[in-house]
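Observations on the model geometry
Listed below, chain by chain, are the residues.
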Amino acid sequence: MKHSEDRPLTSDQTPLGRMIETRLSRRTILRGGAALSVVALSFGATACSGRGGGLSFKELPHGSTDDHAVADGYDAKVLVRWGDPILTNAPSFDPTDVTAEAQRQQFGTNNDFISFMPLPKGSTNSDHGLLCVNHEFCVPTQMFADVNFANATKVMTAERGRAELASIGHSVIEVKKTDGTWAFIQDSKFNRRLTALDTEMELTGPAAGHERLQTSEDKTGRKVIGTLFTCAGGKTPWHTVLIAEENVHYSFSGTPNDPREAANHRAMGFTGPGRYPWRAAAQPRFDLGGEPREPNRFGWIVEYDPYNPQSVPKKRTALGRFRHEGAGCVLNHDGRIVVYQGDDARFECVYRYVSDDAFDPDNPEANEQLLDKGTLYVGRFEEDGSLNWLPLIHGSGPLVNKNGFDSQADVLIETRRAARFVGGTPMDRPEDIDVNPVTGTVFLMLTNNTERKVDETGAANPRGPNPYGHILEFVPPVADNGERDHTADRFEWDVFIKAGDPADETHEAAYNDGITPDGWFGAPDNCAFDPKGRLWIATDGAPEGINDGVWACEVSGSDRALTRHFYRVPHGAELCGPEFTPDGETLFVAVQHPGLSGPNSLFDNPTTRWPDFRDDMPPRSAVVAITRKGGGEIGS
Ligand code: FEO
Ligand code: CA
Ligand code: CA
Ligand code: CA
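Here, residues in each chain are numbered from 1, in the same order as that chain's written sequence. The order in which chains are written sets their letters, starting at A; the order in which ligands are written sets their numbers, starting at 1. Two thresholds apply to this predicted model, a pLDDT of at least 70 for residue-level local features and 80 or more for giving and counting side-chain atom pairs, whereas whole-chain, interface and lining totals are computed over all residues. Each side-chain value is derived from all of the structure's non-hydrogen atoms; neither hydrogens nor water enter the calculation.

Our next topic: the pattern of salt bridges. Just to be clear on terms, a salt bridge is a Lys or Arg side-chain nitrogen sitting within 4 Å of an Asp or Glu carboxyl oxygen. This structure, assessed with the given rule, holds 40 salt bridges. Residue Asp84 pairs with Arg81 through a salt bridge whose shortest N-O separation is 3.0 Å. Only protein chains enter the accessibility calculation, which uses a 1.4 Å probe. A residue is then buried if its area is under 20% of the maximum for its type, exposed if over 50%, and partly exposed in between. Residue classification places Arg81 among the partly exposed positions, given a relative accessible area of 25%. One salt bridge connects Asp287 with Arg279, and the closest N-O pair in it is separated by 3.7 Å.

Structure below.
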């Protein structure tokens, strides 16, 4: 989701010093890669056939079109769209009558994160599984004919508010590939909608039950209705899905009468009237005046079991509360679980969670606790190329009563404030973080930051302003057994790519020298690795004249950081959720908000009507399945 109105948040931290020279010697070390045993570190990827392997697809030209496009030799087919009926007896999509009752049975809008969960559970089947998809936000100007960007509150009704809340959240659909083509099964017992309207969820972990999570509707502080602004996510080795709650501040409006919570909400970006007038739609919980603690029940990582349609989703407070982009989960060599997380706002931080206990494949009940008991850390990037992980523990360092932290619950509810106190580095909007299944190194997308000043730049955020974004690679140390230690206090890191046009010196872009005129991009957002450990980057905010899409590259060898353009989205869309099947033969992508192209692109005259291209159908976000013509691995 774009964040055009975001403002930098105040920081107690001294700005980092001036940019240091790229550390070529360290880059050479990174090229050397890691011990092969790191393959075992990551789940969700099949055994690999070695590093690299050569990206041989014919590169797609840059473009700005109403339709999507993929590199020659590949098919890109729409699998499911906003409004498609996914539950038994669900009504067909009627764009002239979008109701809550219909939406809660249909595929949600603005698809973001995608997780492919094979069937049977625990297998690496790449032809049959569950597609678990976030629905981040809704676009009322594409849902209702009389809404424009100026009158949303005026024309809001209780039923519209309910329909909007039902259109977002998350979907589970059973999907199957037959004769090379993917389809979803409408009557599957697994199909499910989680909505912001009426899906009951549970708060767990150190902050659960705390008075700051109690409201007039929930005196226990443990029961929440719905999930909001579900952006990217992750998956665990015990086959659950993680949903990241991101821009929850858009949901609330009004003035809190509680000074402590007012300051807390300001730190999360609750500075304006709220983008969605749900307070005016008979939804009093979105009124900050009446329910100043309700926002504290959003902004968490949500875990649920997609294989059990009755499972109650759990908001895991131990992982902190901020504007979570995603949750890159990895099984450390000692069995502990590590979750890397970005807080997507200007000058916000990067986090890491480490579980106390080890994963036990034979004890599913014990694994239920892994995301409730552990330590949250914030990253501090040093000018010498080291990354220190600083623990956020109540009672240690500045996280004490005199600074307003009375318990670990306060530290977790106000994670951003705690991070500033201990010295986390303010970054250029940290979005997706994923662990490479081959090298065991960690890649962070920093999408952009147009508000960073030159004197606020540093080694980890080297451009001010930074309109094009960059990518960092973290290198955990190698443990005695030869595997990467994701729990170490100190990593190394390097700048992997500085995005922008390398032909324009003012961009100060940096890629592999072999980059073509179509190989560059702007605003890296989500990412995925294929089974060979090659990086696939999805963008949100391409420069004028270039649609967003997917670019892919090797991460080591002579083609390191040589990105090539593979797929592009229609006008007005961003690209989310890249996800490979375990065999690397299908790439699922989420085309989000096609036609969201400024104040004049409205219900009656959108800039594109992708993917239906029918005069009676609005543009619809959709999941696209990309396969190679004739079959085979994507990319090579
Ligand atoms: Fe929902 Fe930061 O993208
Ligand atoms: Ca984004
Ligand atoms: Ca994103
Ligand atoms: Ca990802």
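Most of strand S23 (residues 470–475) sits inside the fold, with six of its six residues counted as buried. For the purposes of this entry, the term helix denotes a DSSP run of H or I that reaches at least four residues, the term strand denotes a run of E that reaches at least two, and both are numbered from the N terminus. Of the two faces of S23, both are covered, the one formed by His470, Leu472 and Phe474 as well as the one formed by Ile471, Glu473 and Val475. Note: two strands are recorded as paired if DSSP finds a minimum of 2 bridges between them. Bridge analysis of strand S22 (residues 442–446) against S23 gives five bridges, and the strand direction is antiparallel. Paired with Phe443 across the two strands is Glu473, which belongs to S23.

Many authors give the size of an interface as the accessible area that is lost as the parts come together. Reported domain spans reflect what an automatic or database domain assignment gives. Annotation of the chain at the domain level lists domain 1 (41–245 + 299–628) and domain 2 (247–298). Distance from the C-alpha centre of domain 1 to the C-alpha centre of domain 2: 24 Å. Residue contacts are defined here by distance: any two heavy atoms, one from each residue, within 4.5 Å place the two residues in contact. Across the boundary between the two partners, domain 1 contributes 46 residues, which contact 28 residues of domain 2. When two components associate, each loses some accessible surface as probed by a 1.4 Å sphere; the sum of these losses over both components is called the buried area. Here domain 1 packs against domain 2, burying approximately 3,000 Å² in sum over the two surfaces, 53% of which is carbon and sulfur. Our enumeration of links across domain 1 and domain 2 arrives at three salt bridges. In this structure, Glu261 and Arg212 form a salt bridge, with 2.8 Å as the shortest nitrogen-oxygen distance. Nitrogen and oxygen atoms within 3.5 Å of one another constitute a polar contact, given that in protein one can donate a hydrogen and the other can accept it, and given that sequence-neighbouring residues count only through two side-chain atoms. Counting across the domain 1 and domain 2 interface gives 20 residue pairs in polar contact (both at pLDDT 80 or more). The set of elements that each furnish at least two residues to the side of domain 1 that touches domain 2 consists of helix H4 (158–167), strand S9 (223–225) and helix H7 (408–413). Classifying every residue of the side of domain 1 that touches domain 2 by side-chain character gives 19 nonpolar, 11 polar and 16 charged. Residues are grouped as follows: nonpolar covers Ala, Val, Leu, Ile, Met, Phe, Trp, Tyr, Cys and Pro; charged covers Asp, Glu, Lys and Arg; every other residue, Gly included, is treated as polar.

As a further point, take the sheet that holds strand S15 (residues 336–342). Within the open sheet, the nine strands sit side by side as S14-S15-S17-S18-S19-S24-S23-S22-S21. Their pairing is antiparallel. Among the strands making up the open sheet, the edge pair consists of strand S14 (328–331) and strand S21 (430–435). The sheet shows a mean angle of 30 degrees between the axes of neighbouring strands, direction not considered. Pairing of S21 with S22 involves four bridges; the strand directions are antiparallel. Note on geometry: axes are lines fitted to C-alpha atoms, helical ones only across the stretch in contact, with angles between N-to-C directions running from 0 to 180 degrees.

Distances up to 2.8 Å from the metal define which N, O and S atoms are donors, and 3.2 Å serves for Na, K and Ca; water is absent from the atom set, so sites may look incomplete. For the calcium ion (ligand 3), the full set of protein donor atoms is Glu325 (OE), Glu431 (OE), Asp525 (OD) and Asp525 (OD), at a range of 2.3 to 2.8 Å. Mapped onto the sequence, the donors of the calcium ion (ligand 3) take the spacing E-x105-E-x93-D. A separation of 3.8 Å is found between the calcium ion (ligand 3) and the calcium ion (ligand 2), which share Glu431 as a coordinating residue. Of this pair, Glu325 sits in the loop between strand S13 (314–316) and S14 while Glu431 sits in strand S21; the two residues are 106 residues apart in sequence, bridging distant segments of the chain. Exposure class is identical for Glu325 and Glu431. Each is buried.

Within a sheet, neighbouring strands are paired by backbone hydrogen bonds and run either parallel or antiparallel to one another. Reading across the sheet, the four strands line up as S2-S31-S30-S29 and stay open at both edges, with antiparallel pairing between neighbours. Looking at strand neighbours, the two that pair on one side only are strand S2 (74–81) and strand S29 (574–580), the edges of this open sheet. Between one strand axis and the next, the sheet turns by 25 degrees as a mean value, whatever way the strands run. Pairing analysis gives six bridges linking strand S30 (residues 586–592) to strand S31 (residues 622–628), with the strands arranged antiparallel.

We now examine empty space enclosed by the protein. A pocket here means an open set of points on a 1 Å grid, computed over the protein atoms alone, that has protein on both sides within 12 Å along at least five of seven lines. A cavity is instead a set of points where a 1.4 Å probe fits but cannot get out; residues with an atom within 4 Å of a point line either one. Grid points are joined across faces, edges and corners, and a volume is the space filled by probe spheres set on the points. Scanning the model with the defined rule gives six cavities of 30 Å³ or more in all. Taken as a whole, the second largest cavity encloses approximately 50 Å³ of empty space. Around the second largest cavity, the lining residues are Trp82, Thr109, Asn110, Val139, Gln142, Met143, Pro619, Arg620 and Ser621.

The next thing to look at is H4. Most of H4 is tucked away: seven of the 10 residues are buried. When H4 is considered as a whole, its buried residues turn out to be Arg160, Gly161, Ala163, Glu164, Leu165, Ala166 and Ser167. Looking at the buried side of H4, the elements it contacts are helix H2 (100–103), strand S4 (128–135), helix H3 (140–143) and strand S7 (192–195). With its phi angle positive at about 120 degrees, Gly169 sits one or two positions after the end of H4.

Reference geometry at the metal: tetrahedral coordination by four donors gives ideal angles of 109.5 degrees; octahedral coordination by six donors gives 90 or 180 degrees. Binding of the calcium ion (ligand 4) to the protein goes through Asp432 (OD), Asp434 (OD) and Cys527 (O), at separations of 2.4 to 2.5 Å. Look at where the donors of the calcium ion (ligand 4) fall in the sequence and you get D-x1-D-x92-C. You can see Asp432 sitting in strand S21 and its partner Cys527 sitting in strand S25 (residues 524–529), a full 95 residues away along the chain.

Below, the discussion takes up the nonpolar core. The biggest cluster of nonpolar side chains holds 68 residues, and the ones touching the most others in it are Leu228, Trp278 and Leu392. Elements with a contribution of two residues or more to this core: H4, strand S11 (241–245), S15, strand S17 (350–358), strand S18 (374–381), H7 and helix H8 (415–422). Counting residues domain by domain, this core receives three or more from each of domain 1 (41–245 + 299–628) and domain 2 (247–298). Definition used in this section: a nonpolar core is a set of buried Ala, Val, Leu, Ile, Met, Phe, Trp, Tyr and Cys residues joined via side-chain atoms within 4.5 Å. Val550, Ala552, Val569 and Ile634 belong to the second-largest nonpolar core, a separate cluster that totals 25 residues.

Moving on: the state of the cysteines. Any pair of cysteine sulfurs within 2.5 Å is marked as a disulfide. Under the criterion given, the structure shown has zero disulfides. Distance from the sulfur of Cys553, which forms no disulfide, to the nearest cysteine sulfur (Cys527) is 10 Å. For Cys553, a relative accessible area of 0% translates into the label buried.

The next point concerns H8. Extensive coverage of H8 is indicated by the burial of six of its eight residues. Every buried residue belonging to H8 is among Thr415, Arg416, Ala418, Ala419, Arg420 and Val422, and all of these are buried. Buried residues in H8 make contact with helix H5 (259–267), strand S16 (346–348), S17, S18, strand S19 (386–391) and H7. Among the residues trailing H8, Gly423 stands out with phi positive, at a value near 105 degrees.

Most of strand S26 (residues 535–539) is tucked away: five of the five residues are buried. On S26, burial covers both faces: Leu535, Ile537 and Thr539 on one face and Trp536 and Ala538 on the other are all buried. Taken together, the five bridges between S25 and S26 define a ladder with antiparallel strand orientation. Note on S26: the bridge partner recorded for Asn526 is Ala538. Hairpin connection of S25 to S26: five residues between the antiparallel strands, including Gly533 at a positive phi of 85 degrees. Pairing of S26 with strand S27 (residues 549–553), which is carried by four bridges, proceeds in the antiparallel orientation. Bridged to Leu535 within S27 is Cys553.

Examined against the element boundaries, Thr375 turns out to sit in strand S18. Owing to a relative accessible area of 16%, Thr375 belongs among the buried residues under this scheme. Beyond its immediate chain neighbours, meaning those up to four positions away, Thr375 contacts Arg352, Tyr353, Val354, Asp356, Pro391 and Ile393.

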